[in-house]
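# Results of the structural survey
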Amino acid sequence: MSDPARSVEFRGGGFVAQRKRGVGLMVFIVLLLLAEWGTRTGFISALTLPRPSDVLLTFQELYQSGMLFKHLIPSLTRLVIGAAIGATIGITVGVLIGLFSLARAGLVPLVAAIFPIPKIALLPLFVIWFGIDEMSKYALIAFGTFTPTVVATYAAVDNVDRTLIRMGQSFGLSWRSIVAKIVLPGAMPGILSGLRISLTIAIILLVAAEMLGAEYGIGAYILQAGSLYDLERLFAGVVILSVLGVVVSGVIGAVERRVLRWRV
Amino acid sequence: MDLRLDNVSHHYGDTEVFRDISLEIPSGQIVCIVGPSGCGKSTLLRMLGGLEQPTSGRVLQLGAPPQGCLNPLTYIFQDFALLPWRSVRGNISLVLEDHKMTPKAREEIIADVLARTKLSEFADALPKQLSGGMKQRVAIARALAVNPAVMLMDEPLSALDSQTRELLMDDLISLWTRQPFTAVYVTHNLAEAVRLGHKIVVLSRRPGQIREVVSLETPLAERRYGDASLEAQQQHLWGLMRDEAAAADAELLHV
């Protein structure tokens, strides 16, 4: 008996992430067009959502009046200084925890205790400690960046391939060389992905700090617009924040591509 | 420089890894250590190089390491242990950077070992661009760079496919023939042991003890793939190990 030949059915595809260009942008555009259409036809009332084209106009005004940079520059300064302080201390402490058992035993519970505190709740305290000026804002942002950076860093140090460290020891490398040439580069991928999260948290805290007491800054601008129920300006501020988030993520992505070229 | 193990025993907690091992590693020879899995071959090798301390007994260095030796006891690992963020040149340079030498001297050493392992063209490649065999060649070059008195090789060819293994064995033999080095070569592959070993130490299963030491007289350069006398030696070794290996395989692990 001869059975008819039948081709074997393919059942292997799927479950692989593929790169689709432009789809992300399309989602944005479609959502914006829907909002524009809704507000124009009255399907969405003006109280619910501002018209995207109006937001764009407000943004243009903001730019032309020069107020954009008056708000943006203090915000960016706070973000850069605060996040730099927090990330630097965070990476340092994280590496110490990763390298020394004593530091680990002493600091890990402390970090775990600090992590869940909403840092914004501490702003009044920071105002007393560091004054009402910029220092308290830097401190808040730094503090908020610090905890996720510490956790990511020591996890990254823990994950460095022990066989590489063993190799360094077997060639008689000094402790210093092992840390600088094996542990730190090996922990880099983990540290960078930790920074991705902690810098986003820094943006959130920046706005929070500015809402509580600043003349200029994106947070102050949003707060002002909110209290006047000026939705166009509110959304213009929110768009700036989103763009800031995308830029930060893009910058880290670029750094990763440069520094982690060796990754398979 | 010779190495000697003096009544070495070792425990991990309650598990006795090996018992009363005494062994001499004379300079200029390759000593192969074979044994069933879990008999403590790799632990023994880590002790020889000071990466682990035996519970009792001593590991002795006899005589001074030769002139110009930067790291007397140097390992070659099964998984290569190359830094993925450094090029081939950078990986070799890594082990020289902690020693006082002029940049020119360092470059000369790197160029020399790259030439000896036929890697000169690949100096700037990253490990991820290299095949397994090439990676192990880089690791061998790195070991040669510190001019070791004894090379401690921990299943260096086990992560490679059998063809690459043959090629690398030929490379090791020609390296040894040009300039005899001392090595301890741990393997579970008997064919490798009879090709490369001047002396083959057979360990029993846990707790590891020396069952027999086989000396092979045929010069390394004259041993060929599929040689009949080697085949006979391999048969003899397998006869020694067969029951041990079967028993070790059937053992439950208490970890």
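Criteria and thresholds
- Residues numbered from 1 in each chain as written.
- Chains lettered and ligands numbered in written order.
- Predicted model: local features only at pLDDT ≥ 70, side-chain atom pairs only at ≥ 80, totals over all residues.
- Heavy atoms only, no water.
- Contact = heavy atoms within 4.5 Å.
- Buried area = accessible area lost by both parts, 1.4 Å probe.
- Salt bridge = Lys/Arg side-chain N within 4 Å of Asp/Glu carboxyl O.
- Polar contact = N/O pair within 3.5 Å; in protein donor to acceptor, adjacent residues only side chain to side chain.
- Helix = DSSP H or I, 4+ residues; strand = E, 2+ residues; numbered from the N terminus.
- Nonpolar A, V, L, I, M, F, W, Y, C, P; charged D, E, K, R; others polar.
- Axes fitted to C-alpha atoms, helices over the stretch in contact; angles between N-to-C directions.
- Parallel < 35°, antiparallel > 145°, perpendicular 65-115°, else oblique.
- 1 Å grid on protein atoms, 1.4 Å probe; cavity = no way out; pocket = protein on both sides within 12 Å on 5 of 7 lines; lining within 4 Å.
- Points joined across faces, edges and corners; volume = space filled by probe spheres on them.
- Domains from an automatic or database assignment.
- Pairing = 2+ DSSP bridges.
- Buried < 20%, exposed > 50% of the residue type's maximum accessible area, 1.4 Å probe, protein only.
- Lys, Arg positive; Asp, Glu negative; His and termini not counted.

Across the contact, 22 residues belong to chain B and 19 residues belong to chain A. Where chain B abuts chain A, roughly 1800 Å² becomes buried across the two surfaces, and 68% of that area is made up of carbon and sulfur atoms. The largest share of the area that chain B buries against chain A comes from W85, D98 and K128 of chain B, three residues that together contribute 34% of it. There are two salt bridges connecting chain B and chain A. Between K181 of chain A and D98 of chain B there is a salt bridge, with its nearest N and O atoms 3.9 Å apart. Put simply, chain B and chain A have seven residue pairs in polar contact (both at pLDDT 80 or more) between them. Looking at the side of chain B that touches chain A, the element that brings in the most residues is strand β5 (residues 73–76) of chain B, giving three residues. Residues belonging to the side of chain B that touches chain A are distributed by class as follows: 14 nonpolar, two polar and six charged.

All names here are of chain A. Look at helix α3 (residues 67–99) against helix α4 (residues 101–114): their axes get within 5 Å of each other, and the N-to-C directions meet at 120 degrees. Considering the angle they form, α3 stands oblique to α4. On the side of α3, the interface is formed by V93, L96, I97, G98 and L99, while α4 contributes S101, A103, R104, L107 and V108. Split by residue class, the contact of α3 with α4 holds seven nonpolar, two polar and one charged.

This next bit is on empty space enclosed by the protein. Residues and elements named next belong to chain B. Tallied over the full model, the rule gives two cavities of 30 Å³ or more. In this structure, the largest cavity encloses a volume near 60 Å³. Lining of the largest cavity is provided by R116, T117, K118, R137, I140, L168, D171, L172, S174, L175 and R178. For the lining of the largest cavity, the secondary structure elements donating two or more residues are α4 (132–145) and α5 (162–178). If one sorts the elements of the lining of the largest cavity by residue count, α5 sits on top with six residues. Along the lines of polarity and charge, the residues of the lining of the largest cavity split into four nonpolar, two polar and five charged. For the lining of the largest cavity, the two domains that each supply at least three residues are domain 1 (2–66 + 150–253) and domain 2 (84–148).

A few words on the sheet that holds strand β4 (residues 56–62) of chain B. Residue and element names in this part refer to chain B. The strand order β2-β1-β4 describes an open sheet built from three strands, whose pairing is antiparallel. The sheet is open, and its two borders are formed by β2 (15–25) and β4, each paired with just one other strand. When the angles between neighbouring strand axes are averaged without regard to direction, this sheet yields 15 degrees. Summarising the sheet, strand β1 (residues 2–12) and β2 pair through seven bridges and their orientation is antiparallel. Among the inter-strand pairings, V8 is bridged to a residue of β2, identified as I21.

Okay, the domain arrangement of chain B next. All names here are of chain B. Examined at the domain level, chain B breaks down into domain 1 (2–66 + 150–253) and domain 2 (84–148). Computed from C-alpha atoms alone, the centre-to-centre distance between domain 1 and domain 2 is 26 Å. Counting residues at the interface gives 11 residues for domain 1, matched by 10 residues for domain 2. Regarding the contact of domain 1 and domain 2, the summed buried area is about 980 Å², with carbon and sulfur atoms giving 67% of it. Three residues, M151, L168 and L175, lead the burial of domain 1 against domain 2; their summed loss comes to 41% of the area buried on that side. If you look at where domain 1 meets domain 2, you find two salt bridges.

Let us now look at the layout of surface pockets. Residues and elements named next belong to chain A. As a volume, the largest pocket reaches approximately 720 Å³. Lining the largest pocket we find 22 residues, and of these F28, L32, V55, F235 and V239 sit closest to its centre. Breaking the lining of the largest pocket down by element, the ones donating at least two residues are α1 (23–41), α2 (52–64) and α10 (231–259). By residue class, the composition of the lining of the largest pocket is 19 nonpolar, two polar and one charged.

So, about the side chain of K137 of chain A. All names here are of chain A. You can see K137 is positioned in helix α6 (residues 134–158). Salt bridges are absent for the buried K137, whose nearest opposite-charge side chain, E134, sits at 4.4 Å. Dropping the residues within four chain positions of it, K137 is found in contact with R78, I132, A209, G213 and A214.

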